[in-house]
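Close look at the chain arrangement
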Protein chains: 2
Amino acid sequence: MSVFKTESTITTFGGKLLKLSHQSKQTQTKMDLNVYLPKTYEKSAKKTVPVLIYLSGLTCTPNNASEKAYWQPHADRYGFAIVFPDTSPRGANVEGEDDSWDHGTGAGFYVDATTDKYKNNYRMYSYVHEEIQPLLQDEFENLNFENVSITGHSMGGYGALSGFLQNPGKYKSVSAFSPISNPIKAQWGEKNFGAYLGDDKSAWAKYDPTELLAKYDGPTPEILIHVGKGDPFYYRDYQLLPENFYEASKGTKFGGKVNLNLVDGFDHSYYFISSFTADHAKHHAKYLDLI
Amino acid sequence: MSVFKTESTITTFGGKLLKLSHQSKQTQTKMDLNVYLPKTYEKSAKKTVPVLIYLSGLTCTPNNASEKAYWQPHADRYGFAIVFPDTSPRGANVEGEDDSWDHGTGAGFYVDATTDKYKNNYRMYSYVHEEIQPLLQDEFENLNFENVSITGHSMGGYGALSGFLQNPGKYKSVSAFSPISNPIKAQWGEKNFGAYLGDDKSAWAKYDPTELLAKYDGPTPEILIHVGKGDPFYYRDYQLLPENFYEASKGTKFGGKVNLNLVDGFDHSYYFISSFTADHAKHHAKYLDLI
């Protein structure tokens, strides 16, 4: 019997968007999860359709990117599926989790919390990288979770970079839209890592993409990043710090193979993301052996 | 001095989405209005960029389609601007206008109301077809409101068909997504035409696309329509009745030149609309002399 409940099946572009829910062992809550099966899925043989995992940013559910990021036509063109996880447990009943928009609910920061308050539910690292992929592999036999890449936006861009670097060889490629690239030096990172991981900053570093680069010893596909120069979280609040990541990459195995695009005028919204999903889809399609 | 206030300018795809507001003489309220200027706009000469008007459906503001319908990349490709009007006056303070989701606010039905209650504000027909186009022409001199087409979704699909047929020769082409094609025979039409136009059904007919076909004597570009077979407003509630429009067209100057596509599985949402904007953009680009 399936562990997933299919809340709805939506015909869109050439494929189907499935809105799923399931009881997560990691978060101990019901989790929502969307999957886009591209038009090639039905006629595929077992384990032939690669997967792109898209991690969303602060406040988002799986639906925001499903509606607004415009991945679907590109997934159809190249022939990969997309998995849209949620951004945190919801309804975990942790005190204070709903007090601010950039912490707690909708802001799990893709870590496994270690503080007493959060450790039982806020386990989004294990949820994304360990729990959901085998479950989805069992459910959708034509998908191939051995040929998977990862991307995301803002907190999800950080989550993609961090997850890629923490799991050498697991993901064929990584890209990010306006990622929080060096969270231990940004207010969002301090607020959330402090709450989820405690005061010991050495525990924070194992999730920080810029810090992770130095020790990384896996495959080095080019890393594609877009950041809008008109994004106030970038130019005004210094939450993103993508230059730190780019500079740090130079002295590592990546040797500066970070394709960082600072694009004029664009902001932090889906109007920005949707403008560049075509480029990111092509990037991943190359490493997923689709072109 | 401009009559428009620019609430925001958003860089997206190759162009700019402008969120405008202005005081409307027709509705006697402040109206929001979005305009997408494609990437070709800046370098254009006077009056060289054609325009597609997109009329939204029930409850929508100008933002829903701007975010979710994915017109922008197609507008860039062919080189037309898009105008996204609102769907009704807002804050007109007419008693009962906020009592239901499918009447009043967000549901102006693109008519000029004649009932005492609504006649001072609910004038969306004149707002769309007479007021905003000259104002936008004055504001954006490179746009060409003499080369303009019209489309829309649901209530807006009806509004597009109705506006096209009531203004022979004004619009180069028309298309519609899940249009309310014969509103005088549908519950939505009865509810709203009754409230806005009164009990005399002869007054309703002059807005009904299926009724308007017989007397129409203008140019006859092919009419493109998509309707999802999985749309409950179509198959369950009989609100759309596109077959009535198609059948009625056969005995008219159109001679059945209605390209009605009933598409399997698709619903009434933006997941459906966005799947077919590429086809509708190409349709209009042809009649706007862009391909």
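Only a predicted model underlies this, so the values are computations on that prediction, with no experimental measurement involved. (Residues numbered from 1 in each chain as written. Chains lettered and ligands numbered in written order. Predicted model: local features only at pLDDT ≥ 70, side-chain atom pairs only at ≥ 80, totals over all residues. Heavy atoms only, no water.)

As for the overall build of chain A
From N to C terminus, chain A includes 10 helices and 9 strands. For a compact globule of 291 residues, the expected C-alpha radius of gyration is about 19 Å, and chain A comes in at 18 Å, within 12% of that figure. Overall, the C-alpha framework of chain A stretches about 50 × 40 × 35 Å when taken along its three principal axes. Taking all 291 residues of chain A together, 64% fall into the buried category. In chain A, once contacts between residues fewer than 6 apart in sequence are set aside, the share between residues at least 24 apart is 71%. As displayed, chain A has an accessible area near 10900 Å², and 47% of this comes from carbon and sulfur atoms. Charged side chains of chain A number 29 positive and 34 negative; the gap between the two group centres comes to 5 Å. (Helix = DSSP H or I, 4+ residues; strand = E, 2+ residues; numbered from the N terminus. Rg over C-alpha atoms; globule rule 2.2 N^0.38 Å. Buried < 20%, exposed > 50% of the residue type's maximum accessible area, 1.4 Å probe, protein only. Contact = heavy atoms within 4.5 Å. Areas by Shrake-Rupley, 256 points an atom, 1.4 Å probe, with all protein chains shown as cover. Lys, Arg positive; Asp, Glu negative; His and termini not counted. Charge placed at Lys NZ, Arg CZ, Asp CG, Glu CD.)

Some words on the UniProt feature "active site" (unreviewed entry) in chain A
All names here are of chain A. Residues annotated by UniProt as "active site" (unreviewed entry) correspond here to Ser 154, Asp 231 and His 268. What stands out for the annotated residues spanning 115 residues is how close their C-alpha atoms remain, the widest pair being 11.0 Å apart. We classify Ser 154 as buried; its relative accessible area is 2%. Not counting residues up to four positions away in its chain, the partners in contact with Ser 154 are Gly 57, Phe 177, Ser 178, Pro 179, Ile 180, Trp 188 and His 268. Once you skip the residues sitting within four places of it in the chain, His 268 turns out to touch His 153, Ser 154, Ser 178, Asp 231, Phe 233 and Leu 240. (UniProt positions renumbered as here; feature names shortened; annotations may be inferred.)

Quick look at the pattern of salt bridges
Taken as a whole, this structure holds 24 salt bridges over all chains when the rule is applied. The partner of Arg 90 of chain A in a salt bridge is Asp 86 of chain A, and the shortest N-O contact between them spans 2.7 Å. We classify Asp 86 of chain A as buried; its relative accessible area is 2%. Of the charged contacts in the structure, one is a salt bridge between Asp 112 of chain B and Arg 123 of chain B, with a shortest N-O distance of 3.7 Å. (Salt bridge = Lys/Arg side-chain N within 4 Å of Asp/Glu carboxyl O.)

Regarding the packing of aromatic side chains
When we look at a pair of aromatic rings, we describe it by the centre distance and by the angle of the planes. With the rule as written, the count across this model stands at 46 aromatic pairs over all chains. Consider the rings of Trp 71 of chain A and Phe 177 of chain A, whose centres lie 6.0 Å apart with planes at 85°: the pair is edge-to-face. Here Trp 71 of chain A, found in the loop between helix 1 (62-68) and helix 2 (72-78), pairs with Phe 177 of chain A, found in strand 7 (residues 175-177); they are 106 residues apart in sequence, far enough to count as distant. Of the two residues, Trp 71 of chain A and Phe 177 of chain A, both sit in the buried class. A centroid spacing of 6.5 Å and a plane angle of 75° characterise the contact between Tyr 41 of chain B and Phe 140 of chain B, whose relative ring orientation is edge-to-face. With Tyr 41 of chain B in the loop between strand 3 (30-37) and strand 4 (49-55) and Phe 140 of chain B in the loop between helix 3 (124-139) and strand 6 (143-152), the pair connects residues that are 99 residues apart, well separated along the chain. Summarising the burial analysis for this pair, Tyr 41 of chain B and Phe 140 of chain B share the class buried. Within the aromatic cluster, the residues linked to one another by ring pairs are Tyr 54, Trp 71, Phe 84, Phe 177, Phe 266, Phe 272 and Phe 276 of chain A. Cation over ring: Arg 77 of chain B sits above Tyr 78 of chain B, and NZ or CZ is 5.9 Å from the ring centre. (Phe/Tyr/Trp six-rings, centres within 6.5 Å; stacked < 30°, edge-to-face > 60°. Lys NZ or Arg CZ within 6 Å of the ring centre and 35° of its normal.)

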